[in-house]
Amino acid sequence: MPTVSVKRDLLFRALGRTYTDEEFDELCFEFGLELDEITSEKEIISKEQGNEKAEGASDVVLYKIDVPANRYDLLCLEGLVRGLQVFKERIKAPVYKRVTPNGEIQKLIITEETARIRPYAVAAVLRNIKFTKDRYDSFIELQEKLHQNICRKRALVAIGTHDLDTLSGPFTYTAKRPSDIKFKPLNKTKEYTACELMNIYKTDNHLKHYLHIIENKPLFPVIYDSNGVVLSMPPIINGNHSKITVNTRNVFIECTGTDFTKAKIVLDVIVTMFSEYCENPFMVEAAEVVFPNGKSYIFPELAYRKEIVRADLINKKVGIRETPENIAKLLTRMHLKSEVIGDGNQIEIEIPPTRADVIHACDIVEDAAIAYGYNNIQMALPKTYTIANQFPLNKLTELLRYDMAAAGFTEALTFALCSQEDIADKLGLDISATKAVHISNPKTAEFQVARTTLLPGLLKTIAANRKMPLPLKLFEISDIVVKDSSRDVGARNYRHLCAVYYNKNPGFEIIHGLLDRIMQLLNVPPGEKKGGYVIKASEGAAFFPGRCAEILARGQSIGKLGVLHPDVITKFELTMPCSSLEINIEPFL
Amino acid sequence: MADGPVAEVLLRQLATADGGLDSAELAAKLGVEHQAVVGAVKSLQALGEIIEAELRSTKRWELTAEGEEIAREGSHEARVFRSIPPEGLAQSELMRLPSGKVGFSKAMSNKWIRVDKSAADGPRVFRVVDSVEDEVQRRLQLVQGGQAEKLGEKERSELRKRKLLTEVTLKTYWVSKGSAFSTSISKQETELSPEMISSGSWRDRPFKPYNFLAHGVLPDSGHLHPLLKVRTQFRQIFLEMGFTEMPTDNFIESSFWNFDALFQPQQHPARDQHDTFFLRDPAEALQLPMDYVHRVKRTHSQGGYGSQGYKYNWKLEEARKNLLRTHTTSASARALYRLAQKKPFTPAKYFSIDRVFRNETLDATHLAEFHQIEGVVADHGLTLGHLMGVLREFFTKLGITQLRFKPAYNPYTEPSMEVFSYHQGQGGTWSWEGEGCLRLPTLSPGPFHCQAHSQAHCQTQHHPHDLPCPSPSSTGLRKWVEVGNSGIFRPEMLLPMGLPENVSVIAWGLSLERPTMIKYGINNIRELVGHKVNLQMVYDSPLCRLDAEPGPPRTQGTA
C-alpha cells in the first residue's frame, strides 16, 4: 500500500477545518484510508540517523496516510483533499477539461526506433500554473509516487516534466545509440554521453534502480526539442536545460512507456491533480502525439465514461435497501457523479478520468457500500446449506498426528524449502537423484529447493535443541515435493511421515516398534500376504551399512527405516547415534 | 525418627512444662548433644500440629580448650609461681616446664617473681611474694559456671584476646504444645501397601502427610506442535460451520492459477522476482485448460463480462511460469473452477489451511513460508452483509466479538473489506497487534504504529500474513487492530470460470502464525516455525482453546 506523507496543517487548511488525530483517523477508516503514522521530518531523521543529524530539521507535523494501491488519484495532498471534501459533500467534484490552445498545439513526434525499447508516449501542457514551495514539492512527490506504483518503478511508464518556456516544439521522441546521446542531465554542470551517465548513476542511490530497464539495449530512448535540446532520456533522467522550478509558469509533461493504457492513466492523474493551480483551474492544454504510423492522437484523454447500473443490483450486492436516488447520492460522494434515469431504477454513473480503478460495476457497488458505511450494513447469514467434508489426506494426517504423540513422539514443524546440500550432499546423495524442484531466484541458499524428504528438517531440529534431555523423539507429517511430468505443473506433493530417535544408543528397535505401531493404527497386518507389511534388508546412502531396511506395504515400497550413517550424523552437527523412519502415507488413504 | 527416645522425653517434659521449654536447656538437663534435641524437634514438627517450635538464637561465652585447662589447673603464671621452691629455681629449668615461657613473663610483669642473674650456676628465679591470687582462673571459672555476665566488658575482651574465651551464637528452639499435642506418638507409614490393604492394617496406622508443595513427576509423553494445534482448532471451526476442506497439497503452482485466474495483471508487483519464488526446474506448467485460458486472456487484455479489462498485451508464457504458490487462493480458484464445471450449479462452502511462500527478507516476524487460512462461500445472491455475517460467526468462534470493517483494496475482490477487532486489553479477547504492514513497532504517537514494507505485498495481500510485533501486547492496546482480510471475488475472476452470473463468492483469509504467536506469547517466529523451534516450548504448550478467556498464569505448586 503506498504511503502519502502530507503536512497536517496544510491538509487541515485545505480541508477548511481541523481535526483531532482520532477524528482524522476515524475519517480515514471510513473512507478506506489508514492514518499510519504521525511524525515530523525531525523525528524521521532522528530515528534513521540519530538525534544529532536531526538537529535543525523541520518539526512540522506530518501525517503518513496509507492509500489503497489502485487509487492513484489519492497519492498527493491535492487528491486526498478533493476526495475527502467530495465525500463529506463540502465541494462538488470538479470537471476536468482538455482545451486546444489558441496558438499552435504542442507536438510530440514518435519515431519508429522507439518500437523495440519504449514504444509509447503521451503529453500535455499545464498553462499558467502557479507553484508555491509546497505545491511544487507535492508535484515532484506525486511523480515519485506514481513511478513507484502504477509505473512499476519506471519500467512501464516514466514521467518527465519540463519548463515549456525554455523549449521550442515540436518535440521528437526517438531512440539512439547511447554513444550518440549527449546532454547536460538534471543537476549536473557539464554534458555527458548516455554511456557515461549509465556509469555515473551506478553509484546513485536513487537512479541505480532504473538503469536495468534500458541497460544493454542497443538504442536508448531520448526526447529532443526542435533545437536539439534533450528534454529527457527516459526512464532515467531529465535534461537540466528544461528543469522546472517554483517559478515555472508553463509545464510540458511527457510520459513514455511500454504500457499505453498506464501511460495515459498517469498523464491523466498528473494533470487532473495539478491543473487546480492553473489560471483556468482544471483546464488542461492539449498536446498532439504523432505515432510512427503517421496517426496522430490528442492528449490527455481526460475521458469520462458512463456506466448504467440498476439500483436493485447495488442493493442486492451490498445487502441494503436504499432508494435509487439515495444510491446516486452515495456514489456522487465517491467522486462518481450519478443520477437516476430511465424507469427510475437505473442509475447512470459518470466515471471521471481520475478513477481509472473503476473498470466494472462491482467497483461501483463497492463505492456505494463505502459511502453507505460498511459498518452500517445489516449483517446476515447466508442460507447456503452444505455438508462439510474433510480432505481425506488431511483427515488421515490429523488422526495419525495424535497417535504419534500418544506413542511418545513430539511433533516438529520444519520448512518446506531448504538448500540442495540438506537433501543431497548431507544425506550422501547426488542432487540429480532427488528429483527435486529448483527455485530460480532464491535470496539465500536456504531456499534453493523444495524438500524431497522430511529427514533433514528433523535432524536440524535436533541440532538446534541439543541442550534438551535425551532421548529426543521427533516426528513430522507433512508434504514433500518432487518433479512429476504427469501433473499439469510438472511436480507434485507427497504426504510423508518421518520419525527420528536420537540417544546414546541407536534405538533401531524403538523406530522399528514405532513402524509396527503405525501399521497397527493403519490396520495393516505384519507379513507379506493379505496386503500386509514387511521390512527387508536394503541399503541407503543415509544409513549405516547393514542397518537399513526397506518398508514394503500393500505390495509397494513406502519408505525406509534404519540407523543413520555416522557421516550423516556429523554433517547435521549431531554427536549421538540416531535411527529414523520415513514413509509415504498416501497408499493408506 | 520421631519415635526416638529424645522425642519421647521431650514430649513428656513438655506435657508438664509451664508454657514451653528451651531445646538447649533440655539438652543440658538430659546430658545429650543439643543437636539430638534439635533432630527430635524437627521430626515432631513434620508430624503436623503436635508441637510448635520457635527458632531463637542466643549468644553465649564459652571457654576455649586452653581456657578450660586454665580453669582447671590455674593460669600459666600461677603454675610457674607454684613450681618455684623457697630456695629458687634455675631459670633454664623453669623454662622447661609446660607453662614456663608464657607463665614466666606474665609472673614477672605481675611482680610475683624475680631473677637473680648473678647466681653461681646461671640465672636463678625466686618468689617475691608468699602467695598469689589467681584472678584469671577465678574469672574463667565464673564463665564456666554460666556467670559470664559478672565479668566486665574489659575483662572479657582481655580473656578473649588471650584466646581463652570465645563468644558463640546458639540456635535453640523454644518448644511449646501444638494444637494436636499428645505424648503418645507412633511410627508413621509413608505409603499404602498391598499388604496393608489385604490385612486391613491401614485402619490402625497413621500415615506420614504428603508435601503438596512439591512438584509432581511429569508423564513421559509426546507432544503436538502448538501451531498445528491451532490449525486443528481452525479446521474444527470450519467443519462446525459446514465448510468442506479443499485440496491444497500442491505447493508448486503455475502463474496462471496463482495470478491470472484471479484477474491479477501480469505487470502486478506481486509477480516480481523480488516477491515470489519462481522455479528453474520445472520452469513451466505443462498443461493449462486452454479454453478457460483464452477467456482469462480476453478478460485481462480486452475486458468482457461487463469489465473494461486491464488493456494490455497478455502473454501465455508469463502464465506458464511455475512458482511456489504465494497464497492458497490459487487452490480456491481451482476449486471454484471445478465447481463451475458441475451443472447445475450447487452452492458450496470451502476452506483450506496450508503453506504459502513469499520471497521475503526474513526477520523476527517474517518467514519465507507461512500458513494461510482461507474460507470461501459460493451461492446465488450473496451480499456484503452475508460476508460480514459469516465473518462475525467465524470470529465469535475464535472468541473475538467486537468487529469493524474497513474498505480496502485487493486485486481480486471487489468490494473488499479488512476486518478489525477491538483490542480490549488484558483479559479480554486476544491481544492482537497492529496487522497491516508491520515490520517494527515505532515509538511515535498515533493510533497505528507501523512501518510499511514491500509495497508489492500490500498490493497483493488478500490475506495479510504479517505477524505481531514484539511490542508490549500484555499492556493492552485499547484500539482497533486488523485481524483478517476479506471480499467478494470479482466477476472478472468468476465468470471466465463458467460460474453463473448471479452467483457471488465471498471469501476471507488470515494467517495461522499470527494468532498462534499471540495465543502462545511467542515474539520470534523462528522459535515457533522451522528447525530452530524451542522444543521445551513445544513440550510446555497448553491446549489450544481459541474461545476460552485467558486466565491468570498458572504455575505448579500454588494451591
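Residues numbered from 1 in each chain as written. Chains lettered and ligands numbered in written order. Predicted model: local features only at pLDDT ≥ 70, side-chain atom pairs only at ≥ 80, totals over all residues. Heavy atoms only, no water.

What to know about the overall build of chain A
Now for step 1: Within chain A, the regular secondary structure consists of 16 helices and 29 strands.
Now for step 2: For chain A, whose C-alpha radius of gyration is 33 Å, the value lies well above the compact-globule estimate of 25 Å for 589 residues.
Now for step 3: Across its three principal axes, chain A shows a C-alpha extent of roughly 95 × 65 × 55 Å.
Now for step 4: In chain A, which comprises 589 residues, the proportion classed as buried is 56%. (Helix = DSSP H or I, 4+ residues; strand = E, 2+ residues; numbered from the N terminus. Rg over C-alpha atoms; globule rule 2.2 N^0.38 Å. Buried < 20%, exposed > 50% of the residue type's maximum accessible area, 1.4 Å probe, protein only.)

A closer look at the interface of chain A and chain B
How big an interface is tends to be stated in terms of the accessible area lost upon association of its parts.
Now for step 1: Listed as interface residues are 109 residues of chain A and, on the opposing side, 119 residues of chain B.
Now for step 2: A buried area of about 9,700 Å², summed over both sides, lies between chain A and chain B, and 57% of it is on carbon and sulfur atoms.
Now for step 3: Per-residue buried area on chain A facing chain B is highest for Phe29(A), Met379(A) and Leu413(A); these three make up 8% of the total on that side.
Now for step 4: Joining chain A to chain B, the criterion identifies 9 salt bridges.
Now for step 5: Of the charged contacts, one joins Asp363(A) and Arg490(B) as a salt bridge, the two residues approaching to 2.8 Å between their closest N and O atoms.
Now for step 6: Examining the composition of the side of chain A that touches chain B, we find that 8 residues originate from one element, strand 24 (residues 472–483) of chain A, more than from any other.
Now for step 7: Broken down by class, the residue content of the side of chain A that touches chain B amounts to 48 nonpolar, 30 polar and 31 charged.
Now for step 8: Relative to strand 9 (residues 279–281) of chain B, strand 22 (residues 438–439) of chain A runs antiparallel, the two sharing 2 bridges. Across the sheet, His438(A) pairs through a bridge with Asp281(B), a residue of strand 9 of chain B. (Contact = heavy atoms within 4.5 Å. Buried area = accessible area lost by both parts, 1.4 Å probe. Salt bridge = Lys/Arg side-chain N within 4 Å of Asp/Glu carboxyl O. Nonpolar A, V, L, I, M, F, W, Y, C, P; charged D, E, K, R; others polar. Pairing = 2+ DSSP bridges.)

Considering the packing of aromatic side chains
Now for step 1: In total, this model carries 39 aromatic pairs over all chains according to the counting rule given.
Now for step 2: Consider the rings of Phe29(A) and Phe420(B), whose centres lie 5.0 Å apart with planes at 75 degrees: the pair is edge-to-face. Of this pair, Phe29(A) sits in helix 2 (residues 21–31) while Phe420(B) sits in strand 14 (residues 413–423), placing the two residues on different chains.
Now for step 3: A residue is classified by how much of its surface remains accessible, and Phe29(A), at 5% relative accessible area, is buried. (Phe/Tyr/Trp six-rings, centres within 6.5 Å; stacked < 30°, edge-to-face > 60°.)

Concerning the pairing of strand 12 (residues 230–233) of chain A
Residues and elements named next belong to chain A.
Now for step 1: In this sheet, strand 12 lies alongside strand 11 (residues 220–224) in antiparallel orientation, the contact comprising 2 bridges. Note on strand 12: the bridge partner recorded for Tyr-224 is Val-230.
Now for step 2: Counting the residues in the hairpin turn of strand 11 and strand 12 gives 5 residues, including Gly-228, whose phi is positive at 80 degrees.
Now for step 3: When strand 12 meets strand 13 (residues 237–238), the two strands line up antiparallel, connected through 2 bridges. The residue bridging Met-233 from the neighbouring strand is Ile-237, located in strand 13.

What about the UniProt feature "domain: B5" (unreviewed entry) in chain A?
Now for step 1: Feature annotation in UniProt places "domain: B5" (unreviewed entry) on residues 302–379 of chain A, given in this structure's numbering.
Now for step 2: Spanning residues 302–379 of chain A, this segment combines 38% helix with 22% strand, and its end C-alpha atoms are found 39 Å apart. (UniProt positions renumbered as here; feature names shortened; annotations may be inferred.)

Remarks on the side chain of Arg358(B)
All names here are of chain B.
Now for step 1: By secondary structure assignment, the location of Arg-358 is in the loop between strand 11 (348–357) and strand 12 (369–380).
Now for step 2: Despite its burial, Arg-358 remains without a salt bridge, the nearest opposite charge being carried by Glu-360 at 5.5 Å.
Now for step 3: At a separation of 2.8 Å, a polar atom in the side chain of Arg-358 contacts the main-chain carbonyl oxygen of Thr-326. (Lys, Arg positive; Asp, Glu negative; His and termini not counted. Polar contact = N/O pair within 3.5 Å; in protein donor to acceptor, adjacent residues only side chain to side chain.)

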